Amino acid sequence: QKEVEQNSGPLSVPEGAIASLNCTYSDRGSQSFFWYRQYSGKSPELIMSIYSNGDKEDGRFTAQLNKASQYVSLLIRDSQPSDSATYLCAVNVGGRRALTFGSGTRLQVQP
Amino acid sequence: DTGVSQNPRHKITKRGQNVTFRCDPISEHNRLYWYRQTLGQGPEFLTYFQNEAQLEKSRLLSDRFSAERPKGSFSTLEIQRTEQGDSAMYLCASSLIASRYEQYFGPGTRLTVT
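Just so we're clear, the structure is a prediction, and the values are computed from it rather than from any experiment.

S.K.: Give a detailed account of the state of the cysteines, specifying residues and quantitative values.
M.R.: Residue and element names in this part refer to chain B. Scanning all chains against the criterion turns up two disulfides over all chains. Between C23 and C92 runs a disulfide, and the two sulfur atoms are separated by 1.8 Å. Taking the sign of the torsion about the S-S bond as the criterion, the disulfide between C23 and C92, at about -65°, is left-handed. Taken as a pair, C23 in strand β3 (residues 19-24) and C92 in strand β9 (residues 88-95) lie far apart in primary sequence, 69 residues in all. In this structure C92 comes out as buried when scored by relative accessible area, which is 0%.

S.K.: Account for the interface of chain B and chain A, naming residues and giving values.
M.R.: If you look at the interface, chain B gives 22 residues, while chain A gives 20 residues. Its largest share of buried area at the contact with chain A, chain B owes to R100, Y101 and F105 of chain B, together 32% of the area lost on that side. For the pair chain B and chain A, the number of links is one salt bridge. In this structure, R96 of chain A engages E56 of chain B in a salt bridge whose closest nitrogen and oxygen atoms are separated by 2.8 Å. At the junction of chain B and chain A, the tally comes to nine residue pairs in polar contact (both at pLDDT 80 or more). Counting residues per element, the side of chain B that touches chain A draws most heavily on strand β4 (residues 31-37) of chain B, which supplies four residues. Here the side of chain B that touches chain A is built from residues that sort into 11 nonpolar, seven polar and four charged.

S.K.: With reference to specific residues and values, describe the side chain of N92 of chain A.
M.R.: Relative to the helices and strands, N92 of chain A is located in the loop between β9 (85-91) and β10 (100-101). In this structure N92 of chain A comes out as buried when scored by relative accessible area, which is 0%. For N92 of chain A, the side chain forms a polar contact with the main-chain nitrogen of S32 of chain A, separated by 2.8 Å. Filtering out sequence-adjacent residues up to four positions away, N92 of chain A remains in contact with S30, Q31, S32, A98 and L99 of chain A together with Y101 of chain B.

S.K.: Lay out the sheet that holds strand β3 (residues 19-25) of chain A in plain terms, naming residues and giving numbers.
M.R.: Residue and element names in this part refer to chain A. Read from one edge to the other, the open sheet built from five strands follows the order β1-β3-β8-β7-β6, with strand pairing classed as antiparallel. The open sheet is flanked by β1 (4-5) and β6 (54-58), the only strands paired with a single partner. Examined bridge by bridge, β3 and strand β8 (residues 71-76) share six bridges and lie antiparallel to one another. Following the sheet pairing, T24 is matched in β8 by Y71.

S.K.: Give me the lowdown on the pairing of β6 of chain A, citing residues and values where you can.
M.R.: All names here are of chain A. Pairing between β6 and strand β7 (residues 61-66): five bridges, direction antiparallel. Looking at β7, one finds that G54 is bridged to L65. Two successive antiparallel strands, β6 and β7, enclose a turn made up of two residues, where G59 displays a positive phi of approximately 65°.

Conventions adopted
Residues numbered from 1 in each chain as written. Chains lettered and ligands numbered in written order. Predicted model: local features only at pLDDT ≥ 70, side-chain atom pairs only at ≥ 80, totals over all residues. Heavy atoms only, no water. Disulfide = S-S within 2.5 Å. Helix = DSSP H or I, 4+ residues; strand = E, 2+ residues; numbered from the N terminus. Buried < 20%, exposed > 50% of the residue type's maximum accessible area, 1.4 Å probe, protein only. Contact = heavy atoms within 4.5 Å. Buried area = accessible area lost by both parts, 1.4 Å probe. Salt bridge = Lys/Arg side-chain N within 4 Å of Asp/Glu carboxyl O. Polar contact = N/O pair within 3.5 Å; in protein donor to acceptor, adjacent residues only side chain to side chain. Nonpolar A, V, L, I, M, F, W, Y, C, P; charged D, E, K, R; others polar. Pairing = 2+ DSSP bridges.

Right, dumping it as structure tokens:
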């Protein structure tokens, strides 16, 4: 079992819809969870961080964390074609300083 | 705040040659990380510095790889005797000790070994 797992996609949604991206992790001791957005040929860009159970909202983005189920998700409301990118889930597995990344979910927003 | 910078942005080298990459972190960031990313995968951790001390190295980091961070400022990553399997994007990230592991990435150096 991979330490951080994501569905590779592509996830295709129409413009204006809600995109829901999911991530599971294996280590119950993990405390910090991040979502990065990566456009093709570019480096990852931090868009959300979440540390406690529940929801955290920032503009059109909402991160959700459920430590009991070892599950973290990212919702993108009012999806735009410019949101088309790969979304990487990252976790500090075992409390390590380094992040462990999933392989990413490719999101396509259709105009 | 000028962000993390990396040089060069692209490097093409022949198998067996040595290459060195440089990373300048966000000023005042005391932690610096190196990751490697290949197509279709997330970044994989290579090594991490807190100030000038190298505190962790991944098992991925063979003895052909070495990293330094003299004086706790910029860092260099050297790959000796490059192999075709070293072709990847090499990413540098930095963070503050107080930031709960939030890491900010530079633009990366794309290495192609021919």
